[in-house]
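Survey of secondary and tertiary structure
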Amino acid sequence: GESVGLHLPTLSVQEGDNSIINCAYSNSASDYFIWYKQESGKGPQFIIDIRSNMDKRQGQRVTVLLNKTVKHLSLQIAATQPGDSAVYFCAESRRGGGNKLTFGTGTQLKVEL
Amino acid sequence: GAVVSQHPSRVICKSGTSVKIECRSLDFQATTMFWYRQFPKKSLMLMATSNEGSKATYEQGVEKDKFLINHASLTLSTLTVTSAHPEDSSFYICSAARGRRTEAFFGQGTRLTVV
C-alpha cells in the first residue's frame, strides 16, 4: 500500500558530526512534509516542515531536502548533540486530505560521546 | 510553537472500566484534532479525526464504540476507551493544527495500562 517509509531504523553518530535521516514516500499527491522528533515517553515535537513547491528549507541546525522526482525526503542535523538522541519521524499530508498526517516508521538516532 | 495539552499522562485501570483522555489546545482554536495510537518502538497510527460539533471520522479497523470521541468545543477533544481490556494498553497521542495544512502540534501522550 501507499506509505511513508524510512530507510534506516537506527542511526549512530558521533557527537559533533552531522546526521542525515532519510525518508521515502510513495504518493504523488503528497505535498506537505513534516519532520518530528520524539523522545521516549513523550509526544512528537515539530522540527521543520516543507511544502512541495520547495526543495530545501533550513532551520536552526536542521535542513530538510525534498526530491520530488524520486519521492525522497531527508533531514540533516548539523553538529549533532547528545540532546538530539531520539526517534525521528517524517510525516506527509496530501492534497484533499486536510491536516491528516501519515507517519513513517521512524529512525532511532543515537549520539555517541 | 502552539501548545497542546493532554491529560492524564499516565493511567492504570482495571479491565472492564472506561478511561477518558483529554486533549486541549491552549493557545489556539482547533476545529479538527487527531487521535493516534502508538505501540512500543512503532510509528503513530491514526485512529480518528475529531471534528468540532460533529461526529468523529474513524480510520478503518478502529472500533467507534470502543473509542468514543467527543469534540465539544474548539479547544477540547476527549477520547474515551470504553470497557478497556489489556490489549487496549498503549500510548495514545492527540494532535491539533492551528490552521489548514499547517504543522500539527502534539500533546504529551497518555500511557494507558489496563490490568
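A short tour of the structure in this document, coming up.

Analysis parameters
- Residues numbered from 1 in each chain as written.
- Chains lettered and ligands numbered in written order.
- Predicted model: local features only at pLDDT ≥ 70, side-chain atom pairs only at ≥ 80, totals over all residues.
- Heavy atoms only, no water.
- Disulfide = S-S within 2.5 Å.
- Helix = DSSP H or I, 4+ residues; strand = E, 2+ residues; numbered from the N terminus.
- Buried < 20%, exposed > 50% of the residue type's maximum accessible area, 1.4 Å probe, protein only.
- Pairing = 2+ DSSP bridges.

**Side note on the state of the cysteines**
Within this structure, the stated rule accounts for 2 disulfides over all chains. Between the sulfur atoms of C23(A) and its disulfide partner C90(A) the distance amounts to 1.8 Å. Judged by the sign of its S-S torsion, about 45 degrees, the bond between C23(A) and C90(A) is right-handed. Separated by 67 residues along the polypeptide, C23(A) in strand 3 (residues 19-25) and C90(A) in strand 9 (residues 86-94) bring together distant segments of the chain. Classification of C23(A) by relative accessible area gives buried; the value is 1%. A residue is classified by how much of its surface remains accessible, and C90(A), at 1% relative accessible area, is buried. Between the sulfur atoms of C23(B) and its disulfide partner C94(B) the distance amounts to 2.0 Å. Note on the C23(B) and C94(B) pair: the S-S dihedral is about 80 degrees, so by sign convention the disulfide is right-handed. Of this pair, C23(B) sits in strand 3 (residues 19-25) while C94(B) sits in strand 9 (residues 90-97), and the two are 71 residues apart along the sequence. Both residues of the pair, C23(B) and C94(B), belong to the buried class. We note that C13(B) lacks a disulfide partner, and the nearest cysteine sulfur, in C94(B), lies 18 Å from it.

**A few points about the pairing of strand 4 (residues 30-38) of chain A**
Residues in a regular strand point their side chains to alternate faces of the sheet. Residues and elements named next belong to chain A. For strand 4, a buried count of 9 out of 9 residues is recorded, marking the element as mostly surrounded by other parts of the structure. Taken together, the 8 bridges between strand 4 and strand 9 define a ladder with antiparallel strand orientation. Bridge pairing links W35 to C90 in strand 9. Note: strand 4 against strand 5 (residues 45-51), 6 bridges, orientation antiparallel. For K37, the partnering residue across the bridge sits in strand 5 and is Q45. Joining the antiparallel neighbours strand 4 and strand 5 is a turn of 6 residues, in which G41 adopts a positive phi near 75 degrees.

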